[in-house]
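# Structural description and commentary
In case you want the letters, here they are:
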Amino acid sequence: SDVCSSDLFGNVWISKNTGETWVNISGTTDVFPLINFTTSDITISDNGLIIGCVTVPSKQDVGNSFVTKDAGENWTRFPLNQHLNAITCSGDGTKFSIGTGTNYIYTSLNAGFTFSQQFSSGIREWYAVTISPDNNLYVACASWDNVYLSTDGINWKADPSSGRRQWMDLTVSVDRKSTRLNSSH
């Protein structure tokens, strides 16, 4: 199975053999200039072809999201002009969700070709986003806030039962009966 990771210098790496060997797939083109970015999060589709990553703004540039549909051969850049904390894609790679550092959630329902701001999510510091394996549940957590849920990536609602905490990370099980949340307090 394919594994994808990033390093402190903005490089994106992929392993096609469960981590035995790694290849830098960042490239050196103007689309993905390595010098200007620190990658803050990364996601990969089930087949390993569709990969998305988000970057922290640098002095030279703003936060960007990058998507490749051919395992790193070609990248498309989507400047979102803000700090980007988290990205996730559905298993089939058709849906993306991005959590920003001080703004809304952005969603793509067309495999990363376009992203739209989701006003129902509200302005928050989003730490993590994920999509369930069946592609029908989006979950996001924000700093000192509730966990937020959406069935379509567009309409977001707070889950008051989660409580207001310093949420840091989350994941959803295959059967959606369990959501794993990580809080620092």
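Placed above this text is the structure.
These remarks concern the structure in this document. (Residues numbered from 1 in each chain as written. Predicted model: local features only at pLDDT ≥ 70, side-chain atom pairs only at ≥ 80, totals over all residues. Heavy atoms only, no water.)

In this structure, Ile-50, Val-54, Val-67, Phe-78, Leu-80, Leu-84, Ile-87, Cys-89, Phe-96, Ile-98, Tyr-106 and Phe-115 together form the largest nonpolar core, which totals twelve residues. Within the residue set of this core, elements represented by two or more residues are strand S8 (84–89) and strand S9 (96–100). Look past the residues within four positions of Ile-87 in its chain and what remains in contact with it is Asp-41, Ile-42, Thr-43, Gly-52, Cys-53, Val-54, Phe-96, Ser-97, Ile-98 and Val-129. Among the nonpolar cores identified, the runner-up in size contains ten residues, and Ala-86, Ile-105, Trp-126 and Tyr-148 belong to it. (Core = buried A, V, L, I, M, F, W, Y, C linked by side-chain atoms within 4.5 Å. Buried < 20%, exposed > 50% of the residue type's maximum accessible area, 1.4 Å probe, protein only. Helix = DSSP H or I, 4+ residues; strand = E, 2+ residues; numbered from the N terminus. Contact = heavy atoms within 4.5 Å.)

Quick look at the environment of Ala-71 now. Topologically, Ala-71 is positioned in the loop between strand S6 (64–68) and strand S7 (76–79). For Ala-71 and Ile-25, which are 46 residues apart along the polypeptide, the C-alpha to C-alpha distance reads 7.6 Å.

Roughly 330 Å³ of internal volume is contained in the largest pocket. Lining the largest pocket are 24 residues; nearest its centre among them are Thr-43, Thr-88, Cys-89, Thr-130 and Ile-131. Residue assignment for the lining of the largest pocket shows that the elements contributing at least two residues are strand S4 (38–44), S8, strand S12 (126–131) and strand S16 (167–172). When grouped by side-chain class, the residues that make up the lining of the largest pocket number 13 nonpolar, eight polar and three charged. (1 Å grid on protein atoms, 1.4 Å probe; cavity = no way out; pocket = protein on both sides within 12 Å on 5 of 7 lines; lining within 4 Å. Points joined across faces, edges and corners; volume = space filled by probe spheres on them. Nonpolar A, V, L, I, M, F, W, Y, C, P; charged D, E, K, R; others polar.)

Per the stated rule, a full pass over the model turns up three salt bridges. The partner of Asp-145 in a salt bridge is Arg-164, and the shortest N-O contact between them spans 3.1 Å. Here Asp-145, found in the loop between strand S13 (138–142) and strand S14 (147–150), pairs with Arg-164, found in the loop between strand S15 (157–159) and S16; they are 19 residues apart in sequence, far enough to count as distant. With relative accessibility at 6%, the residue Asp-145 sits in the buried group. Through salt bridges with shared partners, a single ionic network connects Arg-124, Asp-145 and Arg-164. (Salt bridge = Lys/Arg side-chain N within 4 Å of Asp/Glu carboxyl O.)

Bridge analysis of S13 against S14 gives four bridges, and the strand direction is antiparallel. Along S14, the bridge assignment pairs Val-139 with Leu-149. The antiparallel pairing of S13 with S14 creates a hairpin that spans four residues between the two strands, and Trp-144 there sits at a positive phi of about 45°. Direction of pairing for S14 relative to S15: antiparallel, over a ladder of three bridges. Pairing of Leu-149 across the sheet is with Lys-157, part of S15. Hairpin connection from S14 to S15: six residues lie between these consecutive antiparallel strands, with Gly-153 at a positive phi of about 80°. (Pairing = 2+ DSSP bridges.)

Following the sequence through the fold, Gln-118 ends up in strand S11 (residues 116–118). Since its relative accessible area comes to 5%, Gln-118 is described here as buried. A polar atom in the side chain of Gln-118 sits 2.9 Å from the side chain of Ser-116. Beyond its immediate sequence surroundings of up to four residues, Gln-118 is in contact with Tyr-104, Ile-105, Thr-107, Gly-153, Ile-154 and Trp-156. (Polar contact = N/O pair within 3.5 Å; in protein donor to acceptor, adjacent residues only side chain to side chain.)

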